[in-house]
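Residue-level structural notes
These are the residues of each chain, in order.
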Amino acid sequence: MTNQSDQAASAYQPETLAVHAGTVRSQFGEHSEAMFLTSSFVFENAAQAAARFIGEQPGNIYARFTNPTVTMFEERLAAMEGAEQCVATASGMSAILACVMGLLKAGDHIVASRSIFGATINLFNNIIKKFGVETTFVSATDVAEWKAAVRPNTKLFFLETPSNPLTEISDITAIAAVAKQCGALLAVDNCFCTPILQQPFTLGADIVIHSATKYIDGQGRVLGGAVLGRKKNMEGVYQFLRTAGPTMSAFNAWIFLKGLETLKIRMDAHSANALALAHWLETQPNVQRVFYPGLPSHPQHQLAMKQQKTGGGIVSFEVASSRGNGKAAAWRVIDNTRLLSITANLGDTKTTITHPASTTHARITPEARAAAGITDGLIRIAVGLEAVVDIQNDLARGLA
Ligand SMILES: *Cc1c(COP(=O)(O)O)cnc(C)c1O
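Residues numbered from 1 in each chain as written. Predicted model: local features only at pLDDT ≥ 70, side-chain atom pairs only at ≥ 80, totals over all residues. Heavy atoms only, no water.

Quick notes on helix α9 (residues 231-244)
Note the cut-off: Helix and strand assignments come from DSSP, with helices taken as H or I runs of at least 4 residues and strands as E runs of at least 2, each series counted from the N terminus. Expected helix span is taken as 1.5 Å per residue step, with the number of steps being one fewer than the number of residues. Exposure classes here rest on a 1.4 Å probe applied to the protein chains alone. A residue is buried below 20% of its type maximum, exposed above 50%, and partly exposed in between.
Over its 14 residues, α9 runs 20 Å from end to end, which matches the ideal 20 Å to within 8%, given 1.5 Å per residue. Turning to α9, its buried residues are Asn-233, Met-234, Val-237, Tyr-238, Phe-240 and Leu-241.

Right under this line is the structure:
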């Protein structure tokens, strides 16, 4: 195998890295990255097998550890995020699990934003806790709360920005400074922005997490995830993966490699559509409030525009309800769509529409939902690549 990637790769722009970084060609000289569907690798002789197993000689052994297609994806995403190392995983959730299992031990403490993905909250509250790792949840936006939650055993800060579904923006630089002060690592789930719109390492983050399932695939086909960071922090993450096995499949890695190649143009198009839709929603009489970081009306618009290139592809809004029944008003909008997909996934070419209060956030108490600002009239749109006028017309029916 020959490594075709340029040694000076870091000098390239992100869209160039997205197309070329990590590419390795086999003896056949294929132009498109090959998919290596093999569970194990053959050694030339017993001595080579022994050298590989004890780590004396680099090379593939077994696909739970490494696979050339998966390695190409890892190298490409690492180049795009500006990370020393990337460890690919079977899903976004297994990336978060691998991060926690690789970096923490019983007795350690996490400080996490309250506004993170629901399954991440469950993982921290109900699974990791059983193994003696406690989590304190704090405001996504109030840095003082992060500082106040720190304990002597705090080892990890965890946030997601923009948040789902209200698009709150966490100040990565400010929270990274607090983490550094207390000797904790800051992990940022960069799923909503991808490295095209936001590069957490340049803002002081230590770990970046991805659900590749979303924008990196971009067409809603397969599950995958990634953990990125410095080599010394990734060693434990890789050892967990190699031992426990939530490994990314070669087929999925191949899909994600192709997804990365179009990520820049897709993120630009998702963002442009989302901004146009957000502006239009603000002019609708039956829309009470629009949440989109790209709008000047967003409370953290300035911060968002400092740490992200655009407002991203997710827009949420509250439907006005004359009789105080927000849920009925929101469901009317959802049920009157014909083009939009009623599904909780995001990052797809197809626009998706979700009622968070009765789906993604249904299992938390009404009080907790209210405290989190998830009202009954709230709708989340993951804006796809259709013509924005068609998306507007589809929503206008139910808003009328
Ligand atoms: C979907 C998602 C995850 C989990 O990813 P899976 O690939 O579904 O396991 C984690 N974080 C965020 C922000 C997500 O949107």
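Describing helix α3 (residues 68-81)
So the rule is basically this: Counting of polar contacts relies on pairs of N or O atoms within 3.5 Å, with two restrictions inside protein: one atom must be capable of donating a hydrogen and the other of accepting it, and residues adjacent in sequence are counted only when both atoms are side-chain atoms.
For α3, built from 14 residues, the straight-helix expectation of 20 Å at 1.5 Å per residue is met to within 8% by its first-to-last C-alpha distance of 20 Å. Burial analysis of α3 places 11 of its 14 residues in the buried class, the great majority of the element. Along α3, the residues that are buried comprise Pro-68, Thr-69, Val-70, Met-72, Phe-73, Glu-74, Arg-76, Leu-77, Ala-78, Met-80 and Glu-81. With a side-chain oxygen lying 2.8 Å from the backbone nitrogen of Thr-69, the N-terminal cap of α3 falls on Asn-67.

Here's the deal with the environment of Pro-195
As a reminder of what qualifies: Only heavy atoms matter for contacts: two residues are in contact if any of them lie within 4.5 Å across the pair.
Along the chain, Pro-195 turns up in helix α8 (residues 194-197). In this structure Pro-195 comes out as buried when scored by relative accessible area, which is 1%. For the pair Pro-195 and Phe-291, spaced 96 residues apart in sequence, the C-alpha separation works out to 22 Å. Among residues more than four places away in sequence, those in contact with Pro-195 are Leu-77, Met-80, Glu-81, Asn-190 and His-210.

Focus on the pattern of salt bridges
Inclusion rule: Any carboxyl oxygen of Asp or Glu within 4 Å of a side-chain nitrogen of Lys or Arg constitutes a salt bridge here.
Evaluation of the coordinates by the stated rule reveals 12 salt bridges. Among the salt bridges present, the one from Lys-105 reaches Asp-108, with a minimum N-O distance of 3.4 Å. Note that Asp-394 and Arg-397 form a salt bridge whose closest N and O atoms lie 3.3 Å from each other. With Asp-394 and Arg-397 both in helix α15 (residues 388-399), this residue pair falls three residues apart, about one helical turn.

Quick look at the nonpolar core
Convention followed: By nonpolar core is meant a set of buried Ala, Val, Leu, Ile, Met, Phe, Trp, Tyr and Cys residues that side-chain atoms within 4.5 Å join together. An automatic or database domain assignment is the source of the domain bounds shown.
If you look at the biggest cluster of nonpolar residues, it comprises 37 residues, and the most contacted ones within it are Phe-73, Leu-77 and Leu-228. Of the residues forming this core, the biggest block, six residues, is contributed by α3. Both domains that meet at this core, namely domain 1 (2-261) and domain 2 (264-399), each give it at least three residues. Setting aside chain neighbours within four positions, we find Leu-228 in contact with Leu-77, Ala-78, Glu-81, Ala-83, Gln-85, Cys-86, Phe-201, Asp-206, Ile-207, Val-208, His-210 and Met-234.

Re the pairing of strand β3 (residues 85-89)
Rules: Note on pairing: two strands pair once DSSP finds at least 2 bridges between them.
Most of β3 sits inside the fold, with four of its five residues counted as buried. In this sheet, strand β9 (residues 225-229) lies alongside β3 in antiparallel orientation, the contact comprising five bridges. Looking across to β9, one finds that Cys-86 is bridged to Leu-228.

Focus: the packing of helix α11 (residues 263-282) against α15
How two helices pack is summed up by the angle between their axes together with the distance between the axes. So the rule is basically this: In this analysis, axes come from line fits to C-alpha atoms, helices being fitted only over the stretch in contact, and the angle between any two N-to-C directions falls in the range 0 to 180 degrees. Crossing chirality is assigned from the near helix's rotation relative to the far helix, an anticlockwise turn below a right angle marking it left-handed and a clockwise turn marking it right-handed. Gly falls in the polar group here, along with every residue not listed as nonpolar (Ala, Val, Leu, Ile, Met, Phe, Trp, Tyr, Cys, Pro) or charged (Asp, Glu, Lys, Arg).
α15 packs onto α11 with a crossing angle of 35° between their chain directions and a minimal axis gap of 10 Å. Crossing of α11 against α15: the hand is right-handed. Contacts between α11 and α15 involve Asn-273, Ala-276, Leu-277, Trp-280 and Leu-281 from the first element and Val-388, Ile-391, Gln-392, Leu-395, Ala-396 and Leu-399 from the second. Its residues placed into classes, the contact of α11 with α15 shows nine nonpolar, two polar and no charged.

Remarks on the site of the ligand
Threshold: Residues are counted as near a molecule or strand when any one of their heavy atoms sits within 4 Å of it. Note on areas: Shrake-Rupley, 1.4 Å probe, and residue coverage restricted to the protein chains presented here.
Lining the immediate environment of the ligand, one finds Ser-91, Gly-92, Met-93, Phe-117, Glu-160, Asp-189, Cys-191, Phe-192, Ser-211, Thr-213, Lys-214 and Gly-224. Between the ligand and the protein, one listed contact pairs an oxygen atom with a backbone N or O atom of Gly-92 at 2.8 Å. With respect to the ligand, the side chain of Lys-214 contributes an N or O atom lying 2.7 Å from an oxygen atom. Here the ligand has 380 Å² of accessible area as a free molecule, and 92% of this is covered by the chains. Partitioning the shell around the ligand into residue classes produces four nonpolar, five polar and three charged.

Details of the sheet that holds strand β8 (residues 207-211)
Pairing is mixed across the open sheet formed by seven strands, whose spatial order is β3-β9-β8-β7-β6-β4-β5. Looking at which strands have only one partner, the edges of the open sheet turn out to be β3 and β5 (134-138). The average angle at which neighbouring strand axes cross in this sheet is 20°, direction not considered. Packed on one face of the sheet, α9 meets β3, β7 (185-189), β8 and β9 and runs near 20° to β3.

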